[in-house]
Amino acid sequence: MVLLDGKYTSAAIKEGIAAKVREMKEAGKPVPHLVAVLVGNDGASMTYVANKEAACAQVGFKSTVLRFPDTISEEQLLAEVDKLNKDASVDGFIVQLPLPKHISEKKVIAAISPDKDVDGFHIINVGKLTQSLPTFVSATPKGILSLLDQYNVETAGKHCVVIGRSNIVGRPISILLNQKGYDCTVTVCHSRSKNIEVFTRMADIIIAAVGIPEFVTGDMVKEGAIVVDVGITRVPDDTKPKGYRIVGDVKFDEVAPKCSYITPVPGGVGPMTIVSLLQNTLQAAEARM
Ligand code: NAP
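Before going into details, it helps to say that this report is about the structure given with it. (Residues numbered from 1 in each chain as written. Predicted model: local features only at pLDDT ≥ 70, side-chain atom pairs only at ≥ 80, totals over all residues. Heavy atoms only, no water.)

Note that strand S2 (residues 33–39) and strand S3 (residues 62–68) share seven bridges and pair parallel. Across the sheet, Val37 pairs through a bridge with Leu66, a residue of S3. Handedness of the crossover joining S2 and S3 through helix H2 (residues 43–59) is recorded here as right-handed. (Pairing = 2+ DSSP bridges. Helix = DSSP H or I, 4+ residues; strand = E, 2+ residues; numbered from the N terminus. Right-handed = clockwise from strand over helix to strand, strands pointing away.)

Shown next, in the form of C-alpha cells:
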C-alpha cells in the first residue's frame with residue numbers, strides 16, 4: 001500500500017509556485033494577490049481561510065481577508081463582490097462557503113467575475129470544465145488529479161466510483177475523470193443510491209466525498225483499489241487540545257491494508273486543495289500580464 005501524501009506533494013508544488021513569484025518580483029511585476037471573503041464566525045471556515053492565508057505567505061503571494069459579520073445583507077455582500085471584480089490589484093478572490101441562510105450562495109457566486117473566480121464555481125467556468133476547455137478547475141478536484149498524477153496512478157480504462165455529487169467535489173471530479181486524458185468509466189453514487197457497496201466493490205478507484213465519518217468500510221473495497229478520501233468532519237474528542245479530531249469518509253484502518261494507494265486524513269486531499277487554489281491564483285495573475 002502506498003500513501004498518497006498530499007503534504008509532501010503540495011510542498012513540492014508550492015516550491016515551484018514560490019520560484020515563479022520570485023521571477024515575477026525580479027521582473028518588477030506585482031505578485032499574485034488573493035482575497036478571501038469570510039462572512040460570520042464558523043469555526044471550520046475560519047480555519048480554512050487561515051490556512052489559505054498561511055499558504056499565500058509561504059509562496060510570496062499577497063493575501064487579504066475581508067471579514068464581515070453574519071448580519072451583512074445579500075445586497076451589501078454583492079456590492080463587496082462588485083468592488084473586488086473592479087479592483088485591478090486583485091487577481092482572484094474566493095467567497096468562503098457556507099454563507100448565512102439569508103444570502104443566496106448561487107447569486108453571490110454568479111456575481112463573481114469568471115476571470116477572478118479562482119474557486120472555479122462560476123457557471124461559466126463550470127461549463128468550460130464540462131467541455132474540457134481551459135478554465136479554473138475547482139480546487140479539490142484539481143488537487144485530487146494532481147495527487148494521482150504525481151504518483152503516476154494510471155486511470156485509463158479504470159472503473160471509478162465517486163460517492164457524492166456536490167457542485168464543489170463529487171460532480172466536477174466525476175466529469176474530469178471521465179474526460180479524455182483520464183478516461184475512467186465513472187459511476188456516481190449519492191444519498192438516494194441503493195446498495196452502494198455493490199458499486200464500490202467493483203471499483204478500481206473510489207473517491208469518497210460524502211461528509212460522513214468512516215462511511216467506506218473494509219468490506220466495501222476490493223483488493224488493490226485506489227482510495228481517495230475527501231471527507232473532513234470534526235468529531236468531538238476530549239483527548240485533543242482543540243476538543244475535536246478530523247475524521248475522513250474512509251475507515252482507514254480497515255481499508256488501507258486492501259489498497260494499492262490511499263490518501264490519509266489529514267495530509268491527503270486537504271493540502272492539495274489549498275495548493276490548487278494557489279495554482280489558480282497564479283494562473284489568474286499570469287493571464288492579467
Ligand atoms: P456535500 O455538499 O454535503 O455533499 C455530500 C454528498 O454526499 C451529496 O452528494 C450527498 O448526496 C452524498 N451523500 C450524503 N449521504 C450519503 C449517503 N448516505 N450515501 C451516499 N451518498 C451520500 O459535501 P461536499 O461539499 O461535497 O463535501 C464532502 C466532504 O468533503 C465533507 O466532509 C467536506 O468537509 C469535505 N471536503 C473536503 C475538502 C478538502 O479539501 N479535503 C474540500 C471540500 C470538501 P445528495 O446529493 O443526494 O444529497
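Around the ligand, the structure places 21 residues, and the nearest of them are Arg165, Ser166, Ser191, Val230 and Thr273. Note that a nitrogen atom of the ligand is positioned 3.3 Å from one of the backbone N or O atoms of Val230. Ranked by residue count, the leading element in the shell around the ligand is helix H10 (residues 269–288), at three residues. Partitioned by chemical class, the residues of the shell around the ligand number 11 nonpolar, nine polar and one charged. (Near = heavy atom within 4 Å. Polar contact = N/O pair within 3.5 Å; in protein donor to acceptor, adjacent residues only side chain to side chain. Nonpolar A, V, L, I, M, F, W, Y, C, P; charged D, E, K, R; others polar.)

The complete set of buried residues in helix H7 (residues 170–178) reads Gly170, Pro172, Ile173, Ser174, Leu176 and Leu177. Those residues of H7 that are buried lie in contact with helix H5 (123–130), helix H6 (139–150), strand S5 (159–163), strand S6 (185–189) and strand S7 (205–208). (Buried < 20%, exposed > 50% of the residue type's maximum accessible area, 1.4 Å probe, protein only. Contact = heavy atoms within 4.5 Å.)

What follows deals with the pattern of salt bridges. Considering all chains together, one arrives at seven salt bridges under this definition. Asp82 is the partner of Lys86 in a salt bridge, and the nearest nitrogen-oxygen pair spans 2.8 Å. Placement of both Lys86 and Asp82 in helix H3 (residues 74–86) is noted, with a separation of four residues, approximately one turn of the helix. Among the ionic pairs, Asp91 bridges to Arg288, the shortest N-O distance being 2.2 Å. In this pair, Asp91 is assigned in the loop between H3 and strand S4 (92–95) and Arg288 in helix H10, connecting sequence segments 197 residues apart. Here Arg288 falls in the partly exposed class, since its relative accessible area comes to 36%. (Salt bridge = Lys/Arg side-chain N within 4 Å of Asp/Glu carboxyl O.)

Read across the open sheet, the three strands follow the order S3-S2-S4; overall the sheet is parallel. The open sheet has two edge strands with one neighbour each: S3 and S4. With strand direction ignored, the average angle separating the axes of adjacent strands in the sheet is 15°. (Axes fitted to C-alpha atoms, helices over the stretch in contact; angles between N-to-C directions.)

Let us look at the sheet that holds S6. Pairing within the open sheet is parallel, and its six strands lie in the order S1-S11-S8-S7-S5-S6. A strand with exactly one partner marks an edge of an open sheet, and here the two such strands are strand S1 (2–3) and S6. Where S7 and strand S8 (residues 225–229) come together, four bridges link them in parallel fashion. Residue Ile206 lies in a different strand from S8, and its bridge partner there is Val227.

Running from N to C, helix H1 (residues 6–26) and H10 point in directions that differ by 20°, and their axes come no closer than 9 Å. On the basis of the axis angle, H1 is roughly parallel to H10. Relative to H10, H1 is oriented so that their crossing is left-handed. Here H1 contributes Gly6, Lys7, Thr9, Ser10, Ile13, Lys14, Ile17, Lys20 and Met24 to the contact with H10, which in turn contributes Pro271, Met272, Val275, Leu278, Gln279, Leu282, Ala285 and Glu286. (Parallel < 35°, antiparallel > 145°, perpendicular 65-115°, else oblique. Left-handed = near helix turned anticlockwise from the far one by under 90°.)

This brings us to H2. Taking 1.5 Å per residue as the helical rise, H2 with its 17 residues ought to reach 24 Å, and the 25 Å between its terminal C-alpha atoms agrees with that figure. The complete set of buried residues in H2 reads Ser45, Val49, Lys52, Ala55, Cys56 and Val59. In an axial view of H2, the angular spread of the buried residues amounts to 120°, which keeps them on one side of the axis. In H2, the exposed positions angled more than 90 degrees off the buried face are occupied by Ala57 and Gln58. Buried residues along H2 sit against H1, S2, S3, S4 and H10. A positive backbone phi angle near 90° is found at Gly60, which sits one or two residues after H2. (Expected span 1.5 Å × (residues − 1). Arc of directions from axis to C-beta.)

Taken by themselves, the reported measurements are silent on function.
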